[in-house]
Amino acid sequence: MKIYLHIGTHKTGTTAIQSFAAENSKLLAEYGVHWPKERLKPHANQHSTLALQMRAGKHDDVKAYLERALLDAKASGAESLFLSGEAFSHLGEANVQRFLAMLDGHDVEVILFFRNVYSYAVSALNQQIKSHEKLLPLSSLVAVTRTHLNYSALLRRWEDALSPQQIKVWNYEDEKKNLLPRFFKRFGIPAAKTNSMLPEEPKASNTSIDLATQLMLSGSGANKTMRAYLDTRDLYSEIFADSRFRFPADDLVAAAICEPDIADLSHPRLEPFRESLLKAPRKMTAPNDDELADYFEKLGQFALRLAKEKRSKRKKGGLLKKIKGKF
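Everything in this summary refers to the structure shown in the same document. What you see is a predicted model, and the numbers here were worked out from it, not measured in a lab.

The rules behind each value
- Residues numbered from 1 in each chain as written.
- Predicted model: local features only at pLDDT ≥ 70, side-chain atom pairs only at ≥ 80, totals over all residues.
- Heavy atoms only, no water.
- Helix = DSSP H or I, 4+ residues; strand = E, 2+ residues; numbered from the N terminus.
- Rg over C-alpha atoms; globule rule 2.2 N^0.38 Å.
- Buried < 20%, exposed > 50% of the residue type's maximum accessible area, 1.4 Å probe, protein only.
- Contact = heavy atoms within 4.5 Å.
- Areas by Shrake-Rupley, 256 points an atom, 1.4 Å probe, with all protein chains shown as cover.
- Lys, Arg positive; Asp, Glu negative; His and termini not counted.
- Charge placed at Lys NZ, Arg CZ, Asp CG, Glu CD.
- Salt bridge = Lys/Arg side-chain N within 4 Å of Asp/Glu carboxyl O.
- Axes fitted to C-alpha atoms, helices over the stretch in contact; angles between N-to-C directions.
- Parallel < 35°, antiparallel > 145°, perpendicular 65-115°, else oblique.
- Nonpolar A, V, L, I, M, F, W, Y, C, P; charged D, E, K, R; others polar.
- Pairing = 2+ DSSP bridges.
- Expected span 1.5 Å × (residues − 1).
- Arc of directions from axis to C-beta.
- Core = buried A, V, L, I, M, F, W, Y, C linked by side-chain atoms within 4.5 Å.
- Phe/Tyr/Trp six-rings, centres within 6.5 Å; stacked < 30°, edge-to-face > 60°.

What follows is about the overall build of the protein chain. Secondary structure assignment for the protein chain yields 16 helices and five strands. Whereas a compact globule of 327 residues would reach a radius of gyration of roughly 20 Å, the protein chain reaches 21 Å, a difference of no more than 12%. Each of the three principal axes of the protein chain carries a C-alpha extent, and together these read 65 × 55 × 40 Å. Across the 327 residues of the protein chain, 43% fall into the buried class. Across the protein chain, the fraction of contacts at a sequence separation of at least 24, relative to all contacts at a separation of at least 6, is 82%. Counting every atom, the protein chain has about 18100 Å² of accessible surface; 53% of that belongs to carbon and sulfur. One way to put it: in the protein chain the 49 positive side-chain charges average out to a point 7 Å from where the 39 negative ones average out.

In structure tokens form, the structure reads like this:
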């Protein structure tokens, strides 16, 4: 069976692709593509959990899920299976080999998007900050983030396990304006059909928590679990949805992380995209007083709402303990 494995990277429209597939699985089925109905927590609308299980050594769980997904795909009459999870891009060489061995005998096609290194650097650093219960030293966070800027190494890890023809490399900077129609055309779905399934008012994408706030949340231990992080992110997105303010520190951090020769795009397949992927961000103008006031007003609303929700959850937790104690 044909297996499409979309592995990210992070912040390259992955959420939009995954949400469309989950909400339009019947449309995909019409074109012979099976999107598994079995949900994997905590990433219900995608398959990053499989990559996390690989890293945790839970290989039997991953193999069992893949077997169920393939059986369901075959039973539905599908010609292909579609899996998507950006955490696959962080798998080491050994786990890439192990995972693909579970799909031996099937025609695997890996779909891989790359993003401008400067914008990706801030996203990757944010990802590192929120992924740890305790705030790591900044030097460690930066060191790990820089490893994610080695696009050539990522590409080679998958090429070592598959033929280059099985890996489709996309430049997110070129595709982001028409991402969904272009992506699903790969499955034979006409762009017009994909566009007809999109809402007239597009859903607001997740607003990334600015770096300073992310550091504060991580340092205070506010987001110890994935559920807590998702709730916090959703609250931040709600409050900052109409804000165009960009936190100035983000670009300064990106420039510091992406020092000369840090990002490796030496792989020949990245040559056509190198200029746009290495393009430095334009220098930001200092925010004016109104923009700063709006930012701090929204930040205050965010802090107050977050405090209220934390207190509410603590009270509910205490009430449940009292109820359990009576039985």
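From this point, the discussion proceeds with the structure in view.
This brings us to the pattern of salt bridges. Scanning the model with the defined rule gives twelve salt bridges in all. Here E238 ties to R305 by a salt bridge, and the two come within 3.3 Å at their closest N and O atoms. Taken together, the residues E238 in helix α13 (residues 226–239) and R305 in helix α16 (residues 289–325) connect sequence positions 67 residues apart. A network of salt bridges, in which partner residues are shared, links K2, D107, E109 and R186.

Attention shifts here to the packing of helix α3 (residues 48–55) against helix α4 (residues 59–76). At a minimum axis separation of 8 Å, α3 and α4 run at an interaxial angle of 150°. In terms of axis orientation, α3 runs roughly antiparallel to α4. In this structure, α3 contributes L50, Q53 and M54 to the contact, and α4 contributes H59, D61, V62, Y65 and L66. Looking at the contact of α3 with α4 residue by residue, the classes come out as five nonpolar, two polar and one charged.

This paragraph deals with the sheet that holds strand β3 (residues 80–84). In space, the five strands of this open sheet follow the order β2-β3-β1-β4-β5, with parallel pairing throughout. The open sheet is flanked by β2 (33–34) and β5 (167–171), the only strands paired with a single partner. The pairing of strand β4 (residues 107–114) with β5 spans five bridges and is parallel. Of the residues in β5, the one forming a bridge with F113 is W170. Relative to the sheet, helix α8 (residues 151–159) contacts β1 (2–6), β4 and β5, its axis offset from that of β4 by approximately 175°.

So, on to α4. Residues separated by three or four positions in an α-helix point in the same direction, a consequence of the helix having 3.6 residues per turn. The end-to-end C-alpha separation of α4 is 26 Å, in line with the 26 Å expected for 18 residues at 1.5 Å each. Along α4, the residues that are buried comprise V62, Y65, L66, A69, L70 and A73. Buried residues in α4, looked at end-on, bunch into an arc of 130°, giving them a common side. Exposed and oriented more than 90 degrees from the buried face of α4 are D60, L71, K74 and A75. Along its buried surface, α4 packs onto β1, β2, α3, β3 and α5 (93–101). Immediately downstream of α4, the backbone of G77 shows phi near 85°, a positive value.

Among the nonpolar cores identified, the biggest contains 51 residues, and L5, F88, F99, V110, F114, Y151 and W158 are the most heavily contacted of them. If one sorts the elements of this core by residue count, helix α6 (residues 117–130) sits on top with eight residues. Residues contacting F114, with those up to four places away along its chain left out, are T9, T12, Y151, L154, V169, W170, N171, Y172, E173, L270 and L277. If you look at the next biggest cluster of nonpolar residues, it comprises 19 residues, including A21, L28, L179 and F184.

The subject of this paragraph is the packing of aromatic side chains. Under the defined criterion, the tally for this structure stands at 19 aromatic pairs. Consider the rings of Y4 and F187, whose centres lie 4.5 Å apart with planes at 45°: the pair is tilted. On the criterion of sequence distance, the pair formed by Y4 in strand β1 and F187 in the loop between α10 (179–185) and α11 (191–196) is long-range, its members being 183 residues apart. Y4 sits in the buried class, given a relative accessible area of 11%.

Purely geometric numbers; function is a separate question.
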